[in-house]
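Each chain, letter by letter, is given below.
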Amino acid sequence: MGTKGREVPRVVCCAIPISFAARKVLVITSRKRQDLWVLPKGGWESTDGVLEAAASREALEEAGVRGRITRYVTTINSPSTIYHFYELEVSSLDREWLECKERTREWVDYAEAYRRIAWKPELAQGLSLSSIAPKR
């Protein structure tokens with residue numbers, strides 16, 4: 001089956017928070033495993049309406065990021081999840097946010113962001129297709 005007991009795969013929206021001026025990506029620690037880094041992501045909810053809104057909401061909840069979605073990056077299918085990736089141009093960071101006591105956030109360059117999230121292949125693939133990735 002591969003859907004972890006669900007009838008259909010879970011829809012997850014992922015923000016790639018970017019400072020284009022600094023050429024940096026904001027990564028956050030996983031709530032479940034504080035030694036692992038991820039991009040802000042989470043399930044689409046019907047109240048979100050469009051997928052972009054879910055990516056933006058997750059960035060605010062998980063990383064205290066405010067900004068605007070500037071680009072759809074890709075959709076990646078896994079057996080249990082459909083990931084939708086969006087670039088989010090960061091305009092500001094909240095001092096306190098919903099999950100600030102559960103996560104650490106850090107600005108890093110592309111290479112370091114890729115290295116930190118490489119343990120999660122879908123996240124690494126999404127980041128590698130973003131506009132901040134080196135041109136191939």
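To keep things clear, this report deals only with the structure shown in the data block. (Residues numbered from 1 in each chain as written. Predicted model: local features only at pLDDT ≥ 70, side-chain atom pairs only at ≥ 80, totals over all residues. Heavy atoms only, no water.)

### What about the overall build of the protein chain?
Inference 1: Helix and strand counts for the protein chain come out as 3 helices and 7 strands.
Inference 2: Counted from the first residue to the last, the protein chain has its helices and strands arranged as β-β-β-β-α-β-β-β-α-α.
Inference 3: Taken over C-alpha atoms, the radius of gyration comes to 14 Å for the protein chain, in line with the 14 Å a tight globule of 136 residues would show.
Inference 4: The C-alpha extent of the protein chain, read off along each of the three principal axes, is 45 × 35 × 30 Å.
Inference 5: Counting all 136 residues of the protein chain, 46% fall into the buried class.
Inference 6: Contacts in the protein chain between residues far apart in sequence, at least 24 positions, make up 64% of those at least 6 positions apart.
Inference 7: A total accessible area of about 7400 Å² is found for the protein chain, and carbon and sulfur atoms account for 51% of it. (Helix = DSSP H or I, 4+ residues; strand = E, 2+ residues; numbered from the N terminus. Rg over C-alpha atoms; globule rule 2.2 N^0.38 Å. Buried < 20%, exposed > 50% of the residue type's maximum accessible area, 1.4 Å probe, protein only. Contact = heavy atoms within 4.5 Å. Areas by Shrake-Rupley, 256 points an atom, 1.4 Å probe, with all protein chains shown as cover.)

### With respect to helix α3 (residues 121-128)
Inference 1: For α3, the tally of buried residues reaches 6 of 8 residues, placing the bulk of the element in the interior.
Inference 2: Along α3, the positions that sit buried rather than exposed are Glu-122, Leu-123, Ala-124, Gly-126, Leu-127 and Ser-128.

### Details of the pattern of salt bridges
Inference 1: One pass over the structure, following the stated rule, counts 15 salt bridges.
Inference 2: Linking Arg-71 and Glu-87 is a salt bridge whose minimum nitrogen-to-oxygen distance equals 2.9 Å. Placement of Arg-71 in strand β5 (residues 65-77) and of Glu-87 in strand β6 (residues 81-93) is noted, with a sequence separation of 16 residues between them.
Inference 3: Looking at Arg-71, the relative accessible area reads 32%, which means it is partly exposed.
Inference 4: Overall, Glu-87 belongs to the buried group, its relative accessible area being 1%.
Inference 5: Close ionic contact of Arg-103 with Glu-99 constitutes a salt bridge, the shortest N to O distance being 2.5 Å.
Inference 6: Given a relative accessible area of 7%, Glu-99 falls into the buried group.
Inference 7: In the salt-bridge network here, residues are joined through shared partners; they are Arg-31, Glu-62, Glu-99, Glu-102 and Arg-103. (Salt bridge = Lys/Arg side-chain N within 4 Å of Asp/Glu carboxyl O.)

### Structural notes on the packing of aromatic side chains
Inference 1: According to the stated counting rule, one finds 3 aromatic pairs in the structure shown.
Inference 2: The ring of Trp-37 carries Arg-116 above its face, with NZ or CZ at 4.5 Å from the centroid. (Phe/Tyr/Trp six-rings, centres within 6.5 Å; stacked < 30°, edge-to-face > 60°. Lys NZ or Arg CZ within 6 Å of the ring centre and 35° of its normal.)

### Here's the deal with the side chain of Glu-62
Inference 1: In this fold, Glu-62 is placed in helix α1 (residues 51-63).
Inference 2: Assessed through its relative accessible area of 7%, Glu-62 is described here as buried.
Inference 3: Residues contacting Glu-62, with those up to four places away along its chain left out, are Ile-28, Leu-39, Pro-40, Lys-41, Trp-97, Glu-99 and Arg-103.

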